[in-house]
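# A structural walkthrough
Okay, here's what each chain looks like letter by letter:
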Amino acid sequence: LTAIPCRLACGDVEGRLETLFRRVRAIQSKNGHFDMLLCVGNFFGTTSETEWAEYHTGVKKAPIPTYVLGANDLETVRYFPDVSGCELAENITYLGRQGLYSGTSGLRIAYLSGTESQEEPAPAYSFSAKDVAELKTSLLSTPNFKGVDILLTSPWPRDVESFANSMGEIDAKKCGSKLVSDLAASLKPRYHFAALEKAYYERLPYRNHTVLQEAPQHVSRFIALADVGNTSKKKYLYAFSIVPMSLMDPAELVKQPQDVTENPYRKSQETQKNKASLCAEEEPASQFFFDLNKHQGNKRPSDGKERGNSQPKQPKTTSQVTGPCWFCLASPEVEKHLIVSIGTHCYLALAKGGLLPDHVLILPIGHYQSVVDLSSEVVEEVTKYKSALKEFFRSKGKRYVLFERNYRSQHLQLQVIPVPLDHCTSQDIKESFIAQAQEQQIELLEIPEYSDITQVAQPGTPYFYVELDTGEKLFHRIRGRFPLHFGRWVLASEALLALPERADWRRCAAGREEEAAHSRAFRRDFQPFDFSLRA
């Protein structure tokens, strides 16, 4: 099994070094080597002294090269002796007040420490308009500047919610720095990480060019991370893989994902330009993803249809049906007696000729070909169904295995098959898939825990994908022929369910009355777990 290396970003550590590094070690032991850990927000907290002393004196060592931003308050300034950056402990490096870090990989990482201040000069734990202007000038003056790979700031950028998905509990009017917005708009980071709000938020990607007026440019992604070890279990670690911009094919670099939005900072930029033109004498105050090979782009390419630049974020549209579809809910071809739950965007149905009586399918109501084509609303409901099914099957002493084959299929079908907990472990299931894949010269790669299928595959890419209810995932990009019933064969094998006679669904067909009876029984048992009934 080949683990694919990636990098980690982290939110506010708040001095909880043991919690953070214990989690990092667990991730590394499970998924393999990570190149670096990038920490934004408050690295030190009010109770950091005891834990920090062990690392500072060399008694303990960070398990991965760790790069941190500076202080955000007066109390923690003392931990950062050199404003230009320095090694704080073995494997823990303070980047500095502001600047550009270029690692051996070729990544260009811009950073800005502290919080926004109106004072000049800014306090040691803050940055001012002058600091931001200096950083912008030093980078924008670089010949052929196109942007940076990563931007690290502690505060969120102001207006990041414009044209975007909901920020949840965060009050957009009270959150963020205008100077950080200005910096992000100018530096065009492919990834921008921030913290301080004790919340996880991954914004939809946004454009860095004006459609039909400027040449296409790469998109930017903003990710805010929560605080380490928070009791609400909000995401504070983010795994991602990124090919340096300088090494990418230009055409791949500028591909636009289907869910790309307008630039959230463009309006404020235009306002600044207008102010500058009116006051010429006034000096202007001047983003787990996951690549399988270095020539691949970051995420999903567009379908070639750009949206108008004045429109806010639009949901993805469904695919065009090329013939009768057995799974579009509005289609007369759907065998409605097999349906056991209907949500807003998805529905649940028993599989026809199922491997087991409780073999179910998660299906989008509209016509989508694969998971990577789904809109954010549909993805959210798919996740709800997966959670409900996990709880349902666990109540019956089972764990589910989910797989998708995006190959010679027209409508997305997420096959969900339960396996008794006492029959085999999740490791047994993974090993069975890998072993049978190797026999057929199929390469299954494990996707790191903090990444998902949308970070691996682009729309239109044929693939086979397995997911356990533990969150563990396996992926194969199909480049030639592929056995259509591979997932079912593996689960039916003697190593797992020991039902080889049911490997072919056509041999498991039941009469309509028997199917309807199974549907009624499943619907009754699933009812306490069915969120769609509580909507």
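Being a predicted model, the structure only gives us computed values, none of them experimental. (Residues numbered from 1 in each chain as written. Predicted model: local features only at pLDDT ≥ 70, side-chain atom pairs only at ≥ 80, totals over all residues. Heavy atoms only, no water.)

## Details of the overall build of the protein chain
Spelled out, the test is: For the purposes of this entry, the term helix denotes a DSSP run of H or I that reaches at least four residues, the term strand denotes a run of E that reaches at least two, and both are numbered from the N terminus. In this scheme, a residue with accessible area under 20% of its type's maximum is buried, one over 50% is exposed, and one in between is partly exposed, where area comes from a 1.4 Å probe on protein chains only. To measure how exposed things are, a 1.4 Å probe is used in the Shrake-Rupley method; for residues, cover is taken only from the protein chains shown.
Helix and strand content of the protein chain: ten helices and 22 strands. Across the 535 residues in the protein chain, those meeting the buried criterion constitute 55%. Total accessible area on the protein chain stands at roughly 23800 Å², and carbon and sulfur atoms take up 50% of it.

## Describing the pattern of salt bridges
It is possible for side chains bearing opposite charge to pair when their charged atoms get close. Selection rule: Between Lys or Arg on one side and Asp or Glu on the other, a salt bridge is scored when a side-chain nitrogen of the former is within 4 Å of a carboxyl oxygen of the latter.
Counted under the stated rule, the structure contains 23 salt bridges. Notably, a salt bridge pairs Asp182 with Lys136, separated by 3.1 Å at the nearest N-O pair. With Asp182 in helix H4 (residues 178-187) and Lys136 in helix H3 (residues 129-140), this pair connects stretches of sequence that are 46 residues apart. Summarising the burial analysis for this pair, Asp182 and Lys136 share the class buried. The partner of Arg524 in a salt bridge is Asp525, with the nearest N and O atoms 3.7 Å apart.

## Brief notes about the confidence of the model for the protein chain
Do not read the fine detail of predicted coordinates wherever pLDDT is low. For the record, the criterion: pLDDT: the predictor's confidence for each residue, scored from 0 to 100. Note on definitions: a residue-residue contact is assigned when non-hydrogen atoms from the two residues lie within 4.5 Å.
Across the protein chain, the average pLDDT comes to 86, with 87% of residues at or above 70. Counting contacts from residues 1-5, a segment whose pLDDT is below 50, to residues more than four positions away or on other chains yields 18 contacts. Within the model, pLDDT remains below 50 along residues 273-315, and this stretch shows 128 contacts once partners closer than five positions in the same chain are excluded.

## Here's the deal with the sheet that holds strand E4 (residues 86-89)
Quick note on the threshold: Should DSSP find at least two bridges between two strands, the strands are regarded as paired. Axis definition: a line fit to C-alpha positions, over the contact stretch in the case of helices; interaxial angles, taken between N-to-C directions, run 0 to 180 degrees.
The strand order E4-E5-E3-E2-E1-E14 describes an open sheet built from six strands, whose pairing is mixed. A single partner strand is all that each edge strand has here, and the edge strands are E4 and strand E14 (237-240). Adjacent strand axes in the sheet meet at a mean angle of 25° when their direction is disregarded. Two strands pair when backbone bridges link them, and E4 and strand E5 (residues 92-94) are joined in this way by three bridges, in the antiparallel orientation. Opposite Cys86, over in E5, you have Tyr94 as the bridge partner. Those strands touched by helix H1 (residues 17-31) are strand E1 (6-10), strand E2 (34-39), strand E3 (66-68), E5 and E14, and its axis lies near 155° from that of E2. Strand contacts of helix H2 (residues 49-56): E4 and E5, with the helix running at about 110° to E4, the strand carrying the most contacts.

## Concerning the pairing of strand E13 (residues 221-224)
What you see with E13 is no split at all: Arg221 and Ile223 on one side and Phe222 and Ala224 on the other are buried throughout. Examined bridge by bridge, strand E11 (residues 191-194) and E13 share four bridges and lie parallel to one another. For Ala194, the partnering residue across the bridge sits in E13 and is Ala224. Here strand E12 (residues 201-202) runs beside E13; their pairing, made up of two bridges, is antiparallel. Along E13, the bridge assignment pairs Tyr201 with Ala224.

## What to know about the nonpolar core
Which entries qualify depends on this criterion: To define a nonpolar core, start from buried Ala, Val, Leu, Ile, Met, Phe, Trp, Tyr and Cys residues and group those joined through side-chain atoms within 4.5 Å.
Of all hydrophobic cores here, the largest spans 34 residues; its most connected members are Leu348, Ile362, Leu389 and Phe522. Counting residues per element, the ones that place at least two in this core are strand E16 (346-350), strand E17 (360-364), helix H7 (376-395), strand E18 (398-406), strand E19 (414-420), strand E21 (463-468) and helix H10 (512-526). A total of seven residues in this core trace back to one element, the largest contributor, which is H7. Other than its neighbours up to four places away in sequence, Phe522 contacts Val340, Leu348, Leu350, Asp358, Val360, Leu389, Phe392 and Phe393. Counting residues in hydrophobic clusters, the runner-up holds 32 residues, among them Leu8, Leu37, Ile64 and Tyr79.

## So, the sheet that holds E11
A sheet is described by the order of its strands in space; here six strands give the open sequence E6-E7-E10-E11-E13-E12, paired in mixed fashion. Edge positions in the open sheet fall to strand E6 (98-102) and E12, since each of these has one partner strand only. Bridge count between strand E10 (residues 150-153) and E11: three bridges; the pairing is parallel. Along E11, the bridge assignment pairs Ile150 with Tyr191. Packing of H4 onto the sheet brings it into contact with strand E7 (108-112), E10 and E11, and relative to E10 it is tilted by some 170°.

## Considerations on the packing of H1 against H2
The condition that has to hold: Any angle that is under 35 degrees is reported as roughly parallel, and any over 145 degrees as roughly antiparallel; angles of 65 to 115 degrees are reported as roughly perpendicular and all others as oblique. Under the convention adopted here, Pro, Cys and the residues Ala, Val, Leu, Ile, Met, Phe, Trp and Tyr are nonpolar, Asp, Glu, Lys and Arg are charged, and Gly plus all remaining residues are polar.
The geometry of H1 relative to H2 is characterised by a closest axis approach of 9 Å and an angle of 55° between their N-to-C directions. By the angle between their axes, H1 is oblique relative to H2. On the side of H1, the interface is formed by Leu17, Glu18, Phe21 and Arg25, while H2 contributes Glu51, Trp52 and Tyr55. Split by residue class, the contact of H1 with H2 holds four nonpolar, no polar and three charged.

## A short note on the packing of aromatic side chains
The test is simple: The pairing test for Phe, Tyr and Trp rings, Trp by its six-membered ring, is centres within 6.5 Å, and the orientation test on the planes gives stacked under 30 degrees, edge-to-face over 60, and tilted for anything in between.
What the rule picks out here adds up to 29 aromatic pairs. Between Trp156 and Phe222, the aromatic rings sit 5.6 Å apart at their centres with planes inclined by 65°, giving edge-to-face as the arrangement. Of this pair, Trp156 sits in the loop between E10 and H4 while Phe222 sits in strand E13, placing them 66 residues apart in sequence. A residue is classified by how much of its surface remains accessible, and Phe222, at 0% relative accessible area, is buried. Geometrically, the ring pair formed by Phe392 and Phe526 is edge-to-face, given 5.4 Å between the ring centres and 85° between the ring planes. Residue Phe392 is located in helix H7, and its partner Phe526 is located in helix H10; the two are separated by 134 residues in the primary sequence. Side by side, Phe392 and Phe526 carry an identical accessibility label, which is buried. Every member of this aromatic cluster is reached through a ring pair, and the members are Phe43, Phe44, Trp52, Tyr79, Phe80 and Tyr94.

## Some remarks on the state of the cysteines
The term disulfide refers to a covalent linkage connecting the sulfur atoms of a pair of cysteines. Under the convention used in this document: Here, the term disulfide refers to a pair of cysteine sulfur atoms separated by no more than 2.5 Å.
The final tally for this structure, using the stated rule, is zero disulfides. Take Cys10: it sits in no disulfide, and the sulfur closest to it among the cysteines is that of Cys39, at 4.6 Å. Of the residues examined, Cys10 reaches a relative accessible area of 0% and is grouped as buried.

## Thoughts on the environment of Glu134
Mapped onto the secondary structure, Glu134 falls in helix H3. Judged by its relative accessible area of 40%, Glu134 falls in the partly exposed class. Considered as a pair, Glu134 and Gly99 are 35 residues apart in the sequence and their alpha carbons are 9.2 Å apart.

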